[in-house]
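# Summary of structural features
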Amino acid sequence: MRDDVDELIEAWARERNDLDLAPVAVFSRISRLAHHVDRARRQAFTTHDIESWEFDVLAALRRAGDPYELSPGRLLKETLVTSGTMTNRVDRLTARGLVERNPDPSDRRGVLVRLTPDGKDAVDGAFAALLGAERDLLTGLTGDDQAELADLLRRLLLPFAD
């Protein structure tokens, strides 16, 4: 079984046989797969009328559990964006009726961002669509293959964990 990365590696090996091309075999495939995953995400989210950044915020709130609310600071940690970016995102999601801001009962100066019922419906539908699309991308692998791949990717990512 061959793919276009095999051809790419053969071409580089012909031109630069002095280099170890093993990383190309891994990261060129990860890069190509990331393109397909990104396209599947966009399609899943488009069918539910949300954008990828909106999903990230809504999903963080949904994962928080009932009452589906977080402080802006916690949202920053969950979505890895700056404070100014988060303020803009919450403003836009509030205008769309997907989240609301409420006073934080434990901090007079603070607010909590809460998922609205429309926001919950949007993120639940988008997440289900995303899982279906991602499941389709994995059809060439058995359950054991998927578990092994997940373990290998985890090992590769652990040095970057905070």
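Cut-offs used in this document
Residues numbered from 1 in each chain as written. Predicted model: local features only at pLDDT ≥ 70, side-chain atom pairs only at ≥ 80, totals over all residues. Heavy atoms only, no water. Pairing = 2+ DSSP bridges. Helix = DSSP H or I, 4+ residues; strand = E, 2+ residues; numbered from the N terminus. Axes fitted to C-alpha atoms, helices over the stretch in contact; angles between N-to-C directions. Parallel < 35°, antiparallel > 145°, perpendicular 65-115°, else oblique. Contact = heavy atoms within 4.5 Å. Nonpolar A, V, L, I, M, F, W, Y, C, P; charged D, E, K, R; others polar. Phe/Tyr/Trp six-rings, centres within 6.5 Å; stacked < 30°, edge-to-face > 60°. Buried < 20%, exposed > 50% of the residue type's maximum accessible area, 1.4 Å probe, protein only. Polar contact = N/O pair within 3.5 Å; in protein donor to acceptor, adjacent residues only side chain to side chain. UniProt positions renumbered as here; feature names shortened; annotations may be inferred.

For a regular strand, side-chain orientation follows a simple rule: the groups alternate between the two sheet faces. Of the strand pairs in this sheet, strand β1 (residues 69-70) and strand β3 (residues 107-115) are connected by two bridges, and their pairing is antiparallel. Considered in β3, the bridge of L70 is made with V113. Pairing of strand β2 (residues 99-104) with β3 involves six bridges; the strand directions are antiparallel. Note that in β3 the partner of P103 across the bridge is V111. Between the end of β2 and the start of β3, which pair antiparallel, lie two residues.

Here the focus is the packing of helix α3 (residues 52-63) against helix α5 (residues 83-95). Contact geometry for α3 and α5: axes closest at 11 Å, N-to-C directions at 90 degrees. When the axes of α3 and α5 are compared, the pair comes out roughly perpendicular. Side by side, α3 and α5 meet where W53, E54, V57 and L58 of the first sit next to M86, R89, R92 and L93 of the second. Of the residues in the contact of α3 with α5, the class split is five nonpolar, no polar and three charged.

Looking now at the packing of aromatic side chains. For the structure shown, the criterion picks out two aromatic pairs. Taking 4.4 Å as the distance between ring centres and 20 degrees as the angle between the ring planes, the aromatic pair formed by F45 and F55 counts as stacked. Of this pair, F45 sits in helix α2 (residues 22-46) while F55 sits in helix α3, placing them 10 residues apart in sequence. Each member of the pair, F45 together with F55, is buried. Taking the centre distance of 6.3 Å and the plane angle of 25 degrees together, the rings of F55 and F127 count as stacked. With F55 in helix α3 and F127 in helix α6 (residues 117-137), this pair connects stretches of sequence that are 72 residues apart. The exposure class of F55 is buried, given its relative accessible area of 6%. With a relative accessible area of 43%, F127 lands in the partly exposed category. An aromatic cluster of three or more residues is present, and its members are F45, F55 and F127.

Here we have three strands laid out as an open sheet, ordered β1-β3-β2, and antiparallel in their pairing. Of all the strands in the sheet, the pair left with one neighbour each is β1 and β2. The sheet contacts of α3 involve β1, β2 and β3, and relative to β3 the element is tilted by about 100 degrees.

With that out of the way, let us pick up the side chain of T116. With respect to the helices and strands, the residue T116 is situated in the loop between β3 and α6. Of note is the side chain of T116, whose polar atom sits 2.6 Å from the backbone oxygen of G97. T116 has contacts with G97, L98, V99 and E100, leaving out every residue within four places of it along the chain.

The subject of this paragraph is the UniProt feature "domain: HTH marR-type" (unreviewed entry) in the protein chain. In the numbering adopted here, UniProt assigns the feature "domain: HTH marR-type" (unreviewed entry) to residues 23-158. The straight-line gap between the two end C-alpha atoms of residues 23-158 is 18 Å; of that span, 68% is helix and 12% is strand.

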